[in-house]
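So the chains spell out like this:
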Amino acid sequence: MEPMLCPNCKTNRTRFNLIEQRPVAVKLHPQTGEIEQEYTNDALDPFHLPYRGPSYRVQCAACGLIENQEMFIKHAQHFSDMK
């Protein structure tokens, strides 16, 4: 981990929630929304792209902002460079 600073409240450097993202590839019924099929990353439908997002996101435990970790790290680096 690297130092982080919330880009929203600009004061929190210590209290964060790490939110793990565990995608599940599914095919839904178009009228009911029920899951018709679950896929594994090894056996995706030709029209189903694999998830390429971050494995987790960060939430500021002071103001509630949820962003990618890089946003919090870059904000901390920016403010430490200004000192």
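Residues numbered from 1 in each chain as written. Predicted model: local features only at pLDDT ≥ 70, side-chain atom pairs only at ≥ 80, totals over all residues. Heavy atoms only, no water.

K.L.:
Is there a simple way to think about the packing of aromatic side chains in this case?
P.N.:
The geometry of an aromatic ring pair comes down to the distance between the two centres and the angle between the two planes. Using the criterion set out here, one finds one aromatic pair in the structure. A ring pair is formed by Phe16 and Phe72, whose centres lie 5.6 Å apart and whose planes are at 80°; its orientation type is edge-to-face. Here Phe16, found in strand β1 (residues 16-20), pairs with Phe72, found in helix α1 (residues 69-81); they are 56 residues apart in sequence, far enough to count as distant. Residue Phe16 shares its accessibility class with Phe72, and that shared class is buried. (Phe/Tyr/Trp six-rings, centres within 6.5 Å; stacked < 30°, edge-to-face > 60°. Helix = DSSP H or I, 4+ residues; strand = E, 2+ residues; numbered from the N terminus. Buried < 20%, exposed > 50% of the residue type's maximum accessible area, 1.4 Å probe, protein only.)

K.L.:
Teacher, can you tell me more about the confidence of the model for the protein chain here?
P.N.:
On average, the protein chain scores 92 in pLDDT, and the residues at 70 or more come to 98%. The secondary structure element of the protein chain with the lowest average pLDDT is α1, at 91, and the one with the highest is strand β5 (residues 66-67), at 98. (pLDDT = per-residue confidence, 0-100.)

K.L.:
Sorry if this is basic, but what is going on with the environment of His48 here?
P.N.:
Relative to the helices and strands, His48 resides in the loop between β3 (35-39) and β4 (56-60). In this structure, the C-alpha to C-alpha distance between His48 and Glu20, residues 28 residues apart in sequence, is 22 Å. Those residues in contact with His48 that lie beyond four places of it in its chain are Ala25, Val26 and Tyr39. (Contact = heavy atoms within 4.5 Å.)

K.L.:
Would you take a moment to explain the state of the cysteines for this structure?
P.N.:
Simply put, the disulfide is a covalent bond whose two ends are the sulfur atoms of two cysteines. With the rule as written, the count across this model stands at zero disulfides. For Cys60, which is in no disulfide, the shortest distance to another cysteine sulfur is to Cys6 and amounts to 3.7 Å. The exposure class of Cys60 is buried, given its relative accessible area of 1%. With no disulfide of its own, Cys63 lies closest to Cys6 among cysteine sulfurs, the gap being 3.6 Å. Taking the relative accessible area as the measure of exposure, Cys63 reaches 34% and is therefore partly exposed. (Disulfide = S-S within 2.5 Å.)

K.L.:
Sorry, what's going on with the pairing of strand β2 (residues 25-28) here?
P.N.:
On any regular strand, side chains alternate: one points to one face of the sheet, the next to the other face. Sheet analysis places β2 next to β3, joined by four bridges and oriented antiparallel. In the sheet register, Ala25 faces β3, and the bridge partner there is Tyr39. The hairpin formed by β2 and β3 contains six residues between the paired strands, and Gly33 there has a positive phi angle of roughly 80°. (Pairing = 2+ DSSP bridges.)

K.L.:
Teacher, can you tell me more about the pattern of salt bridges here?
P.N.:
Two side chains of opposite charge can pair, provided their charged atoms sit close to one another. Applying the stated rule across the entire model yields one salt bridge. Taking the shortest distance from any N to any O, the salt bridge between Arg22 and Glu20 comes out at 2.4 Å. Exposure class is identical for Arg22 and Glu20. Each is exposed. (Salt bridge = Lys/Arg side-chain N within 4 Å of Asp/Glu carboxyl O.)

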